[in-house]
Amino acid sequence: MIALTINGKAQEFDVDPATPILWVIREQAGLTGTKYGCGIAVCGACTVHLNGMPIRSCVTPVQAAAGQEITTIEGLGNAVTGLHPVQLAWIAEQVPQCGYCQSGQIMAAVALLSSNPSPSDADIDTAMSGNVCRCGTYPRIRKGIRTAAATMAATREASSGDLNNG
Amino acid sequence: MGKWTRRAFITTGVLAGGVLAIGVAIRPGNRSSKVAGLVAGENESLINIWLKLGPDNTVTAIIPHAEMGQGVHTTLAMMLADELDADWSLVKMLEAPAHPEYANYALARGYTLGDKQFPSWLLPTVDGFFLQATKMMSLQITGGSTSTRTTGQSAMRIAGAAAKAVLLQAAAESWGVPVSELQAKGSHILHDSSGRRAPYAEFATQASQLKAPVMPRLKNPDEFTIMGTDVPKFDIPAKVDGSAVFGIDATVPGMKYATVRAAPVFGTRVETVDSESIQAMPGIRKVVNLGDAVAVIADSYWQASQALNQLPVQFTQSADESRDQADIYKQFANDLDAATATGKEQTDFRSGDTKAALANANRTVLAEYRVPYLAHATMEPMNCTAWVHDGLCELWLGTQNPLGFAAEVAKAIDFDIQKVLVHNQYLGGGFGRRAFSDYAIQAARIALESPYPVKLIWSREEDMRHDHYRQASISRFKAALDADGKPTAWENQFTEKHDPVEAPYIPYGIDNQYIHFTESKTHVPWGFWRSVDHSLHAFFTESFIDELAVAAGKDPYRYRHDLLAQATRFRDVLDLAATKSDWDRQLPDNWGRGIAIHKSFGSIVAQVVEVEVVEGKVQARRVVCAVDAGFAIHPDGMKAQMESGIAYGLTAALYGDISIRRGAVAQSNFHDYQMLRMNEAPAIETYIINSGESLGGAGEPGTPSIAPALANAIFDATGHRIRELPIKLHDLRKSNLEAKDVA
């Protein structure tokens, strides 16, 4: 049995330790938002966070994540729990087309913004060039990241303002 | 998106909860009379099954097309809602079930009206409808950029307008006032002089008893309130939180997982398979020999794929195993030579006397181009979940043709078509690939041998190597120029013609034209690929016209402009792209610009590309795109489709190369079939012309122009003419190009 915490929920899985995390998430945990695209870590559709860092779940054996925290697109936010600013920006900029790669794109963008809150175009290129979009939504992904960065900055400013005032 | 439950599927027309399906009551009960009515030009049947009005005043548009990112679920609902004068915030959509009642009547209607823009590749299928009505029952295609201009124009708008007419009439009768005194607005009926106002829902039951007008009045563009606006798309929220269900996400209780390996050389078969050798591996359920492929079923996809990798399979031999890509190109060249030598050319288009004009030319220009096979490489690999139970075969998948798939699967497993139920999901990319039912047939045949539901997933490698490919082709040109450099003759010879028929035609005023082709079949399976034949012919014709401009010593934009004097709609689009790009502006060192224009699926698209070539590395920096699709129903959606078509075409132009090695596809995954990525994506500006001409498509027309515009820009930057795609095959380093010049 391998223990994983997925989206804050501790679970145990009876799987071959070499199984890529992707298939455990999709088939055992039943979270299908994370996608299979290439199986060799070159398209980014399977991107999830392991302890907050983006990984390619299609090539990462589940054993490597034993006892650790995985966040998938479902754990990022939804209409009930509230959407993440990146998800809101994706709606505002009408980013997705077919939508298949977008869970991975969003997870990569969230990881970028948490390590670099105001990325330059070159930073965006570096962080996002591992994620393929066959519908070519790149210009909108770029806009979405800028929009999300601005909202997150405004939120930070507002909350630091609150702290200063308090 | 909304989904039909089985119950709704079976009981269409008897909807629960007081929901009224407008028109169900007026639908002719007999399907064949509906067909007869269509052929006779009566469109009564068109208004009947496309919208529901709920007691809470919500309107549900029923959309008979698949959503694959092109926004059709939203665009078609907009067309219906606008004619209905509905309150957009109360409008929802439901994808129509794969059911004969939802076959593409609108496509057929467009055909009866002689729509010249109708994609010719659909004609044989549609033709079958008129000859044999039963065949029509399987036509539910999303492709050919047809949804808006056929279903939208001929079904959605008419349904909305007809429903509004009966609601107004019901209100007039109910209130005892002339219908002329009533107004429909925001899903309410208004009577100004009495101040009365009531929701549509109040008159729904009464309206359903009325006969809807056969030819309801449709709005003029200046009356549109929803069409022409950028409403948020219905499908987007589910695509940002992981809740959108694609084919690969379908979950059926108790299902197992399968994956396949098909015989690598097209046309060969499984000779032997040693199933026993993997039986002991964990989770393995079964090996299924499908004849031309083997499948392994296991408790998880990973187990199935691990076992398949180790499964010893022998395939039969084939003469095609001696063939490489170079042999295929050699065959094309030989076949073209032979056709010329024997005069056995298949004429595509002819005007004037090309031979005489070439003989009298001041100057002739020759060029030969070639393009490779291309795979679709949808982000979601092919997959289908199938379950055979209780005499039924249920399928969960993403398809561009649900009814067609039902028919083809039924035939393959010898089931009645009524017993094959297709549950269409979101498509993780279509681009033409999901119009081919091979993966659904495989899944059904595997399920036929399984007591449980089976989810079949193709590996990326399988998806890459068993696609239906855009054809490779060679195209040769010969042109005559007069003393001013103006072309007086245009001769074009190419291999293999598919669709649409007009793909190689040019808009330019050249008196003598001879366009002809030669079939040169190979063992590589062909398929519709975003924009189909336009994807290659725009590259050929728009590169060659550029070469003529250069030969004439003219500016490539102005040369085209002058040749479009009689084709003003084209000229306007060309001018807009050139103007918006600031065509004459000085570019930085190592940059170049190129232009191209092409019409496909009723829409004219011109693109200007600015490219930077440094140390041989090509980087498209900026694309300015102008499009005239008649009218943009959803302008932002139109822009999104142009951006998408450009990225798709740019990927192919730079990298796209499926090559045959020893009879099989050499490429296998995204490392050797490269994709355009974020760091390579140009800035794109799209400008829309609403010319008021017939509606054109949006999903495909953005693709054809980009390859020639880029190639022309590379010529401008480097002096090197790209006559073979992809561009990655060319060494564009200055040192190499200079060495070539010396040689």
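None of these values were measured; they are calculated from a predicted model.

S.K.: What should I look at first to understand the sheet that holds strand β11 (residues 293-298) of chain B in this one?
M.R.: Hydrogen bonds along the backbone pair up the strands of a sheet, which may run parallel or antiparallel. Residues and elements named next belong to chain B. Strand order across the open sheet formed by seven strands is β10-β11-β8-β18-β15-β16-β17, with mixed pairing between neighbours. Every other strand in the sheet has two partners, leaving β10 (284-289) and β17 (420-424) as the edge strands with one partner each. Neighbour to neighbour, the strand axes of the sheet diverge by 20° on average, direction disregarded. Here strand β8 (residues 256-262) runs beside β11; their pairing, made up of six bridges, is antiparallel. Looking at β11, one finds that T259 is bridged to V296. Strands β8, β10, β11 and β18 (454-457) of the sheet are contacted by helix α9 (residues 301-310), whose axis makes an angle of about 30° with β8.

S.K.: Please explain the pairing of strand β13 (residues 346-351) of chain B as it appears in this structure.
M.R.: Every other side chain in a regular strand lies on the same face of the sheet, so the side chains alternate between the two faces. Residue and element names in this part refer to chain B. In terms of burial, β13 is largely open, as just zero of its six residues are buried. Strand direction decides the pairing type here: β13 and strand β21 (residues 512-518), joined by five bridges, are antiparallel. Within the sheet, the bridge partner assigned to R350 lies in β21 and is Y514.

S.K.: Sorry if this is basic, but what is going on with unusual backbone geometry here?
M.R.: Comment: phi is negative for the bulk of residues other than glycine, and the bulk of peptide bonds are trans. All names here are of chain B. At the junction of D499 and P500, the peptide bond is cis and its omega measures out at -15° in the coordinates. Here L725 and P726 are connected by a cis peptide whose omega angle stands at 0°. Relative to the helices and strands, P726 is located in the loop between α19 (706-718) and α20 (734-742). A positive phi angle, near 75°, is found at N57, a position not held by glycine. Looking at where N57 falls in the secondary structure, it is placed in the loop between β2 (51-53) and β3 (59-63). Residue S187 is not a glycine yet carries a positive backbone phi of 65°. With respect to the helices and strands, S187 occurs in the loop between β5 (182-185) and β6 (188-191).

What counts and how
Residues numbered from 1 in each chain as written. Chains lettered and ligands numbered in written order. Predicted model: local features only at pLDDT ≥ 70, side-chain atom pairs only at ≥ 80, totals over all residues. Pairing = 2+ DSSP bridges. Helix = DSSP H or I, 4+ residues; strand = E, 2+ residues; numbered from the N terminus. Axes fitted to C-alpha atoms, helices over the stretch in contact; angles between N-to-C directions. Contact = placed C-beta atoms within 7 Å. Buried ≥ 20, exposed ≤ 12 C-beta atoms within 10 Å, placed from the backbone.

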